[in-house]
Amino acid sequence: MDEDPDGYRILKLRAEILELGSAIRQLQRAGLDDAAAQLLIARKRALLDHLVKADRAHDSPVRP
């Protein structure tokens, strides 16, 4: 079985981002500070963007 570590990391990051989004909404509803969660979600989104771009570059055909 061929493993795709980047594909797994992408899926894992997407799940973490969804969980953080839910946590942020809960914090906002409770009137609590969500700055740390906002920063963490921004970092994870940037990492996800980087991984997706790297994965696409890896899958695209090489041009001479």
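Read on for an overview of the structure. (Residues numbered from 1 in each chain as written. Predicted model: local features only at pLDDT ≥ 70, side-chain atom pairs only at ≥ 80, totals over all residues. Heavy atoms only, no water.)

Topic: the overall build of the protein
Threshold: Under the DSSP-based scheme used, a helix requires at least four consecutive residues in state H or I and a strand at least two consecutive residues in state E, with every element numbered from the N terminus. Note on exposure labels: buried denotes an accessible area under 20% of the residue type's maximum, exposed denotes more than 50%, and partly exposed covers the range between, all computed with a 1.4 Å probe on protein chains only. What makes two residues a contact is simply this: any of their non-hydrogen atoms within 4.5 Å. In this description, accessible areas are obtained by the Shrake-Rupley approach with a 1.4 Å probe, and a residue is regarded as covered only by the protein chains that are shown.
Tallying secondary structure elements over the protein gives two helices and zero strands in all. Relative to its full complement of 64 residues, the protein shows a buried share of 23%. Look at the contacts in the protein between residues 6 or more apart in sequence, and 62% of them connect residues 24 or more apart. For the protein, the accessible area works out to roughly 5400 Å², and carbon and sulfur atoms hold 56% of it.

Considerations on helix α2 (residues 35-59)
Here is the rule we go by: Multiplying 1.5 Å by the helix residue count minus one yields the expected span of that helix.
In a regular helix each residue adds 1.5 Å, so 25 residues correspond to 36 Å; α2 covers 36 Å between its end C-alpha atoms and thus fits that length. Inspection of α2 places Ala37, Ile41, Lys44, Leu48, Leu51, Val52 and Asp55 among the buried residues, and these make up the whole buried set. Buried residues in α2 make contact with α1 (5-29).

Examining α1
Between its first and last C-alpha, α1 extends 36 Å over 25 residues, near the 36 Å set by a 1.5 Å rise per residue. Burial in α1 covers these residues: Gly7, Ile10, Leu13, Ile17, Leu20, Gly21 and Ile24. Within two residues after α1, glycine 31 carries a phi angle of roughly 75°, on the positive side.

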